[in-house]
Amino acid sequence: MFAKFYLRRLWAGLLTMLFSLAAYAEPVVNQPAPLFSGAAADGTTLNLADLRGKTVILEWTNHECPFVKKHYESGNIPNLQKQAAQQGVVWLQVISSAPGKQGFVDAETAKKLNAERDAHPANTVFDPSGSIGKLYAATNTPQLFIIDPQGVLLYKGGIDSIPSADQADIAKAENYISSALKALAAGKSINQSSTRPYGCTVKYAG
Amino acid sequence: MMMFRFEFFLSVCWLLGWISFPAAAATDQAATEQVKARLIASVDAVHPGDNILLGVQQLIIPHWHTYWKNPGDSGLATQIDYGLPDGAIVGLIQWPTPERISLGPVVNYGYQHEVTLLTPVKLPDNLAVGSRLPIKATAKWLVCEEACIPQEVELELALPVVAPDSDAGPGSPLIEQALARLPSDSPWPLELIQQPDGVILRVLGNEFQASQPSAVWFYPDEWGRVSHGAQQPRRIFNDGISLQLKSGDAPLSPGQTLTGVLTISESNGTNTVTRGYTVRSILASNVSSQPETAESELAVPSAIVLALLGGVILNLMPCVFPVLSMKALALVSHAGHSSQRIRLHGWLYTAGVLTSFALLAAVLIGLKAGGSQVGWGFQFQSPLFVVGVAYLMFAVGLNLSGVFSIGGSIVGVGSSLARRSGYSGSFFTGVLATVVATPCTAPFMGAAIGFALTQPPVALLSVFLSLGLGLALPYLLLSYWPWLQRSLPKPGMWMDRLKQGLAFPMYGASAWLIWVLTQQAGANAVAVALAGIVAIGFACWLFEINKHSAVGARHVSSVFASLLLAAVLYGSYIGLEDSSSTQAAIQEQVTDSRNWEPFSTARLNALRSEGKPVFVNFTAAWCISCLVNERVALNQSEVKLALQSKSITYLKGDWTNRDAEITRFLAEFGRSGVPLYLYYPPGSWSKPAILPQILTAQIVTQAFTAADITANNSIR
């Protein structure tokens, strides 16, 4: 009696341990993307799970980073955002800059910045604690993730193939996001699903 | 010291505001707010068709950094575009060994304070002698602190083209410094082993055990080959170091080559020297890898199953078998008891084993968190632990032999034998089984434990508990199934004989451990350990004979026995500390083929007053540079031949242990550490030539010749 009880407890314990191991993994392409919720620029709390059924693009950003400026000032990212919106893809900016660090903004500033830059993301998610960024192991601004309607990660990586801060390179580079959007619109799979991101370091707390 | 002087030089540069540059005309220097750049060359003048080195030095303000060729998680490598006359061939940037710059969870590879990026250039043959060679360089870099700023500067230099027979000049002294910071070829063979979630890089060389590098890191040349931010758990073996490298976003597949730089840091107490070595190693394709999918999910459960099997097999090992037999014996003596009580004994034994394994896992997790790199059986690396376990085994042996017996209240070594209902005895037999099992575990469990050590705490704990469960399982089953119990023999006289017989494996284990101690701490340690054994024997006997005397006498003898034991432990501690520190020096003297004599100032002065040439090598067992230099240069036949043919006396100063005479001598040469190589050419007034800290056989032989010539000239 006594022994059986303990034996059962032991196995239950081992199983629990195994189960908790699964939560350790970093986001992997073709695996479910980590779920999160966070305060958004429109005053709501955005919950990724609520966006099931739609393709979602996450864009880590910091408006003061020269690499982010390159892609906003050239119109590259605003164009991609428009293209995504037309396809019904939800484009979310994510700001993981900690308070006091470069790129940290409040909702009003974020909206104003987007208006100035003629940028139209579906929403902006604030991640001052960096927990969403760390969940996705985001290291760079810009860095992008594409999640399919079933919640599976389809793409992670950089915006294009030429790592530089020079606007002139945009035309010469292979734009991974526009290729991915085209592939998705055509119902094809994304060619390069994991690429090297480049840009500024995400300004996490501590 | 070098580092300190250099930092000082840097701060002086900044204090003086360096030089302000006219903005209009491009010069060899340019500055941004964060970086001052300068274009340099390895020559002051060029010959047509020369191979030269061009370089761009970056002086970076404190807290900011620029990037290596693989910038890591973010950032951009510095780019240099050279503008040279047609026909010039520009090579690739020679990247100095980088350092790690961590910003929270993001890890970058780059340079702080100062770096010089060299590029080899082959000049065209048709340069007109008398003209000037124009060199332009456009350097682009990203400089970051918290914020990142992309910057670009234009640099220009014009070098006179001179006739082939005229002197080209020494060029910039920065070139020499930059060359010294380039990674050198690895003097050790390398091996890459496929792992479920990465690779293991093994560096085969037996000097690491002695030198105990303070840090080892691998920097991959290409992005994503290795996770840039992941820890690189390190283990030091007798025959090398292994680094566990977690895969990044562009993992290596079999047949592909991993290239990068391995840095090894060694500290001599006052400063740390880091050296870089180029790594080029193919991931063997014949190693069967795990299936591509769900690798990490599979790895942990299979390690747990392996651990369970390993634990069961452990029971058959000589380390554990006596303990298990001891336990089985106790079980036999319980045969008449209710099945419930017997099961309880089984569970208590299991609990003892599991608790000990959980504790061991907790210690490992703690040590891992504290940053020290440990391996299974780590506790056996300490001579003190080894001698302690030898004493314990011996005492258990004495107990089995009947020299003494102890009550169940004392931490239950053998108490289960002494008392029939010793529940605590069952628990502590489990603890004892775990303690004695560890040395036997290594060969069996290497793979699973090695894997567990690289895993998060939860995985590590589950593998350990599984190993413990395996160890406890046979006894648990024995206590559980009545038919197994019934088939056990009845207790009787044979039990006592068996008990006495089982003392001998214990003595054997104790003898084996003392042999292990010889390997670790030398012959003196054995004398210490054997003296301890005799004293323990005496203490146990004393304890037993007075057990039934009057209370007063009993207390006196207990106190005396305890004091004796304390003296044994303290004496062993002092004795072992002493003998292990001298061991390294002794070993070296024995194994080296001696073409040298030990250094002393008196010997050096005597040789010099006779005008004899002397080569002095200051070294230490923990100094990797020193050992590498000895292997790749000083022990090479051409150096040995040169020493012999020039009748140079080779003096070796061993600084493994502090030595005031050598410390003073090093200070005279402005050094605070080894290596230091000096050559005194023949002639009693000759000044010594100081050899570089990185040697090749050629550098040494040339230094001998060059110093001899200079000495001869000055005499004339």
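Residues numbered from 1 in each chain as written. Chains lettered and ligands numbered in written order. Predicted model: local features only at pLDDT ≥ 70, side-chain atom pairs only at ≥ 80, totals over all residues. Heavy atoms only, no water.

Scanning chain B from terminus to terminus reveals 19 helices and 24 strands. Here chain B holds 716 residues, and the buried ones make up 48% of them. When contacts within chain B are restricted to residue pairs at least 6 apart in sequence, those whose partners lie at least 24 apart make up 74%. With the model as given, the accessible surface of chain B reaches about 32,200 Å², and the carbon-plus-sulfur share is 61%. (Helix = DSSP H or I, 4+ residues; strand = E, 2+ residues; numbered from the N terminus. Buried < 20%, exposed > 50% of the residue type's maximum accessible area, 1.4 Å probe, protein only. Contact = heavy atoms within 4.5 Å. Areas by Shrake-Rupley, 256 points an atom, 1.4 Å probe, with all protein chains shown as cover.)

Okay, the overall build of chain A next. Across its full length, chain A carries 7 helices and 9 strands. Looking at chain A as a whole, 51% of its 206 residues are labelled buried. Sequence-distant contacts in chain A: of pairs separated by 6 or more residues, those separated by 24 or more amount to 73%. Element-wise, carbon and sulfur atoms account for 56% of the exposed surface of chain A, whose accessible area totals about 9,500 Å².

Quoted interface sizes are often the accessible area lost when the parts come together. The partner chain A presents 34 residues to the 34 residues of chain B that form the contact. Approximately 2,800 Å² of surface area, both sides summed, lies buried where chain B meets chain A, with 70% of it carried by carbon and sulfur atoms. For chain B, the biggest contributors to the area lost against chain A are Glu-146, Trp-223 and Trp-347 of chain B; these three give 19% of the whole. Between Asp-249 of chain B and Lys-156 of chain A there is a salt bridge, with the nearest N and O atoms lying 2.9 Å from each other. Where chain B packs against chain A, one counts 7 residue pairs in polar contact (both at pLDDT 80 or more). Going through the elements one at a time, β8 (106–112), β11 (148–160), α4 (295–314), α6 (339–369) and α10 (457–480) of chain B are the ones with two or more residues in the side of chain B that touches chain A. Considering every element that reaches the side of chain B that touches chain A, the biggest residue donor is α10 of chain B, with 8 residues. Residues that form the side of chain B that touches chain A fall into these classes: 25 nonpolar, 5 polar and 4 charged. (Buried area = accessible area lost by both parts, 1.4 Å probe. Salt bridge = Lys/Arg side-chain N within 4 Å of Asp/Glu carboxyl O. Polar contact = N/O pair within 3.5 Å; in protein donor to acceptor, adjacent residues only side chain to side chain. Nonpolar A, V, L, I, M, F, W, Y, C, P; charged D, E, K, R; others polar.)

Turning our attention to the pattern of salt bridges. According to the stated counting rule, one finds 13 salt bridges over all chains in the structure shown. Linking Lys-101 of chain A and Glu-146 of chain B is a salt bridge whose minimum nitrogen-to-oxygen distance equals 3.6 Å. With Lys-101 of chain A in the loop between β4 (90–95) and α4 (107–116) and Glu-146 of chain B in the loop between β10 (132–144) and β11, this pair bridges two chains. For Lys-69 of chain B, the salt bridge is made with Asp-221 of chain B, and the minimal N-O distance between the two is 3.4 Å. Note that Lys-69 of chain B is positioned in strand β4 (residues 65–72) and Asp-221 of chain B in the loop between β15 (215–220) and β16 (234–237), a separation of 152 residues in sequence.

Bringing helix α7 (residues 176–185) of chain A into the picture now. Residues and elements named next belong to chain A. Those residues of α7 lying buried are Tyr-176, Ile-177, Ser-178, Ala-180, Leu-181 and Ala-183. Contacts from the buried residues of α7 go to β3 (56–60), α3 (76–86), β4, β7 (143–147) and β8 (153–157). Of the residues flanking the start of α7, the one acting as N-cap is Asn-175, its side-chain oxygen 3.0 Å from the backbone nitrogen of Ile-177. Gly-187 sits one or two residues past α7 and shows a positive phi near 75°.

Residues and elements named next belong to chain B. Burial within strand β2 (residues 35–41) is extensive, with 6 of its 7 residues counted as buried. Relative to β2, strand β1 (residues 29–31) runs antiparallel, the two sharing 3 bridges. Bridge assignment links Ala-30 to a residue of β2, and that residue is Ala-37. Between the antiparallel neighbours β1 and β2 lie 3 residues. (Pairing = 2+ DSSP bridges.)

This paragraph deals with the side chain of Arg-225 of chain B. Structurally, Arg-225 of chain B can be placed in the loop between β15 and β16. At 3.3 Å, the side chain of Arg-225 of chain B forms a polar contact with the backbone oxygen of Pro-251 of chain B.

Let us now look at the nonpolar core. All names here are of chain B. In this structure, Val-46, Tyr-82 and Ile-135 are the most contacted members of the largest nonpolar core, which totals 41 residues. Every element with two or more residues in this core is listed here: β2, β3 (51–60), β5 (79–83), β8, β9 (114–122), β10, β11 and β15. Looking at this core element by element, the count peaks at 6 residues for β10. Every residue in contact with Ile-135, bar those within four places of it in the chain, is listed here: Leu-39, Leu-54, Tyr-82, Gly-83, Leu-84, Leu-155, Glu-156, Leu-157 and Leu-159. Within the second largest apolar cluster, 35 residues are counted, among which are Leu-604, Ala-633, Leu-634 and Val-700. (Core = buried A, V, L, I, M, F, W, Y, C linked by side-chain atoms within 4.5 Å.)

Turning our attention to the pairing of β16 of chain B. Regular strands have side chains that alternate between both faces of the sheet. Residue and element names in this part refer to chain B. Burial of β16 is one-sided: the residues Arg-234 and Ile-236 facing one way are buried, the residues Arg-235 and Phe-237 facing the other way are not. Bridge count between β16 and strand β17 (residues 240–246): 4 bridges; the pairing is antiparallel. Across the sheet, residue Phe-237 finds its bridge partner in β17, namely Gly-240.

Turning our attention to the environment of Tyr-573 of chain B. All names here are of chain B. Along the polypeptide, Tyr-573 turns up in helix α14 (residues 551–591). A relative accessible area of 37% places Tyr-573 in the partly exposed class. Taking C-alpha positions, Tyr-573 is 9.3 Å from Val-387, a pair spaced 186 residues apart along the chain.

All names here are of chain B. A sheet is described by the order of its strands in space; here 5 strands give the open sequence β20-β22-β21-β23-β24, paired in mixed fashion. The sheet terminates laterally at β20 (597–598) and β24 (689–691), the two strands that pair on one side only. Alignment of β20 against strand β22 (residues 649–654), held across 2 bridges, turns out to be parallel. In the sheet register, Pro-598 faces β22, and the bridge partner there is Lys-652.

Residues and elements named next belong to chain B. Read from one edge to the other, the open sheet built from 5 strands follows the order β1-β2-β3-β9-β6, with strand pairing classed as antiparallel. Looking at which strands have only one partner, the edges of the open sheet turn out to be β1 and β6 (89–90). Here β6 pairs with β9 via 2 bridges, running antiparallel. Bridge pairing in β9 links Val-90 to Val-121.

The subject of this paragraph is the packing of aromatic side chains. Residues and elements named next belong to chain B. Throughout the structure, instances matching the rule amount to 21 aromatic pairs over all chains. With centroids separated by 5.1 Å and ring planes inclined at 70°, the aromatic side chains of Phe-599 and Phe-665 adopt a geometry described as edge-to-face. Of this pair, Phe-599 sits in the loop between β20 and α15 (601–609) while Phe-665 sits in helix α18 (residues 660–668), placing them 66 residues apart in sequence. Both residues of the pair, Phe-599 and Phe-665, belong to the buried class. Grouping aromatic residues by their ring pairs yields a cluster made of Phe-615, Tyr-650, Tyr-677, Tyr-679 and Phe-704. Here the guanidinium or amino end of Arg-100 rests over the ring plane of Trp-217, the centre of that ring lying 3.5 Å away. (Phe/Tyr/Trp six-rings, centres within 6.5 Å; stacked < 30°, edge-to-face > 60°. Lys NZ or Arg CZ within 6 Å of the ring centre and 35° of its normal.)

A few words now on the environment of Glu-152 of chain B. Residues and elements named next belong to chain B. Inspection of the secondary structure puts Glu-152 in strand β11. Since its relative accessible area comes to 48%, Glu-152 is described here as partly exposed. Sequence separation between Glu-152 and Thr-138 is 14 residues; the distance between their C-alpha atoms is 7.0 Å. Once residues within four sequence positions are removed from consideration, Glu-152 is found in contact with Thr-138, Ala-139 and Lys-140.

The subject of this paragraph is unusual backbone geometry. Residue and element names in this part refer to chain A. For the peptide bond that leads from Thr-141 to Pro-142, omega is -5°, which places it in the cis range. Its location among the elements puts Pro-142 in the loop between β6 (140–141) and β7. Phi is positive for Asp-118, close to 55°, though the residue is something other than glycine. Examined against the element boundaries, Asp-118 turns out to sit in the loop between α4 and β5 (123–126).

Here the focus is the confidence of the model for chain B. All names here are of chain B. When pLDDT is averaged along chain B, the result is 77, and 76% of the positions lie at 70 or above. Mean pLDDT across the elements of chain B ranges from a minimum in helix α8 (residues 415–418), with 38, to a maximum in β2, with 95. Contacts of residues 286–298 to residues separated by more than four positions or lying in other chains number 6 contacts, the stretch itself having pLDDT below 50. Under the prediction, the complex receives an ipTM of 0.78, its pTM being 0.56. (pLDDT = per-residue confidence, 0-100.)

The subject of this paragraph is the state of the cysteines. Across all of its chains, the model carries 2 disulfides over all chains by this definition. What pairs with Cys-65 of chain A in a disulfide is Cys-200 of chain A, and their sulfur atoms sit 2.1 Å apart. For the disulfide bridge between Cys-65 of chain A and Cys-200 of chain A, the dihedral angle about the S-S bond is near 90°, and by the sign convention the bridge is right-handed. With a gap of 135 residues between them, Cys-65 of chain A in the loop between β3 and α2 (66–73) and Cys-200 of chain A in strand β9 (residues 200–201) connect regions that are remote in the sequence. Residue Cys-65 of chain A is classed as buried on the basis of its relative accessible area of 0%. Here Cys-144 of chain B engages in a disulfide with Cys-148 of chain B; their sulfurs sit 2.2 Å apart. Of note, the bridge from Cys-144 of chain B to Cys-148 of chain B carries an S-S torsion of about 115° and is right-handed in sense. (Disulfide = S-S within 2.5 Å.)

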